[in-house]
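# An overview of the molecular structure
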Amino acid sequence: MKCAIYQMEIIPGNPDENIAKIRKWISALDESIEIVVLPEMWNTSYVLDELNELADEDGTREIRVLQEMAKVHHVHIVGGSIAVKSHGRIFNRSVVIDHDGEIVHQYDKVHLVPMLDEPKYLTAGNHIQTFTLDEIKMGVIICYDLRFPEISRKLALEGIEVLFVVAEWPASRIDAFNKLLYARAIENQVYVIACNNVGYCREEKFGGQSKVINPLGTLVETLETAEATLKVSVDLDYSKEVKSSIPVMNSRRPELY
Ligand SMILES: NC(=O)CCC(=O)C(=O)O
């Protein structure tokens, strides 16, 4: 699976310019790329007090663009997440679109971040599910979700081979981001494909370091702290190989914990 990750510098509070950036970035990718990954809240960043005006109903404006790009460029899109309005409430919603332009998955962030005031402005989701692309089961979690091993374990127990982590993780806590990514890969024996943003939103600086970690916990490749694209090829059979050589899931004792 050939993957491109967009470590994007998101323009705070400007969905139109961010949509234009996404269009330009996807259009410039070479044709061999099969799946692209975007960061969390790429349409607005963390201008939470402006989302009532900025967020589109059900994210229709952004989703239409992603569907068009997916079809035209024949790529699956793990669309990071976008701020959307739905029935008067705001959600931090991840949308996955296949290369035919069909929506295959939507997920509303279930763990809202107190340190970024999310509980004050956003409504949490209540559902955690896997999705399938090219017959491979995958899962996506959003940023702060990474701190809660239960959500990744639930997805792993349902058979995912790849865990996408879409993030706007601050630079001040980037060591925790990196360590948690390794932990989730090792304990669940899955590829972790993490897409963080860079730049600022108001006073907050975001830390980048988007990366891919294999199911054994080895770094495949990482970015640093500038806007950039990470292109990697992922051998999905490796997850099955690791699962059979170290049978962690079979060694579990769920009756004890
Ligand atoms: N956008 C986020 O969810 C940030 C999470 C964070 O800052 C942390 O867990 O620390």
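Residues numbered from 1 in each chain as written. Predicted model: local features only at pLDDT ≥ 70, side-chain atom pairs only at ≥ 80, totals over all residues. Heavy atoms only, no water.

### Focus on unusual backbone geometry
Positioned with a positive phi, Glu-135 is a non-glycine residue whose angle comes to about 65 degrees. Residue position: Glu-135 is located in the loop between strand 8 (131-133) and strand 9 (136-142). For Glu-135, a relative accessible area of 80% puts it in the exposed group. Positive phi, normally seen in glycine, also occurs at Gln-209, with a value near 60 degrees. Residue position: Gln-209 is located in the loop between strand 13 (204-207) and strand 14 (211-213). (Helix = DSSP H or I, 4+ residues; strand = E, 2+ residues; numbered from the N terminus. Buried < 20%, exposed > 50% of the residue type's maximum accessible area, 1.4 Å probe, protein only.)

### Some thoughts on the layout of surface pockets
Of the volumes computed, that of the largest pocket is approximately 220 Å³. In terms of lining residues, the largest pocket is bounded by Tyr-46, Leu-48, Asp-49, Met-115, Leu-116, Asp-117, Tyr-121, Cys-201, Arg-202, Glu-203, Glu-204 and Phe-206. Looking at the lining of the largest pocket residue by residue, the class counts come to 7 nonpolar, no polar and 5 charged. In this structure, the second largest pocket encloses a volume near 190 Å³. Elements with a contribution of two residues or more to the lining of the second largest pocket: strand 6 (89-97) and strand 7 (103-108). At 4 residues, the largest contribution of residues to the lining of the second largest pocket is made by strand 7. In terms of residue class, the lining of the second largest pocket is built from 3 nonpolar, 6 polar and 2 charged. (1 Å grid on protein atoms, 1.4 Å probe; cavity = no way out; pocket = protein on both sides within 12 Å on 5 of 7 lines; lining within 4 Å. Points joined across faces, edges and corners; volume = space filled by probe spheres on them. Nonpolar A, V, L, I, M, F, W, Y, C, P; charged D, E, K, R; others polar.)

### Section: the packing of aromatic side chains
A complete count under the given rule lists 4 aromatic pairs for this structure. Ring geometry for Tyr-6 versus Trp-25: centroids 4.5 Å apart, planes at 5 degrees, classification stacked. With a gap of 19 residues between them, Tyr-6 in strand 1 (residues 2-7) and Trp-25 in helix 1 (residues 15-28) connect regions that are remote in the sequence. When sorted by exposure, Tyr-6 lands in the same class as Trp-25, which is buried. For Arg-93, the ring lying beneath its charged end belongs to Phe-91, and the centroid distance is 5.3 Å. (Phe/Tyr/Trp six-rings, centres within 6.5 Å; stacked < 30°, edge-to-face > 60°. Lys NZ or Arg CZ within 6 Å of the ring centre and 35° of its normal.)

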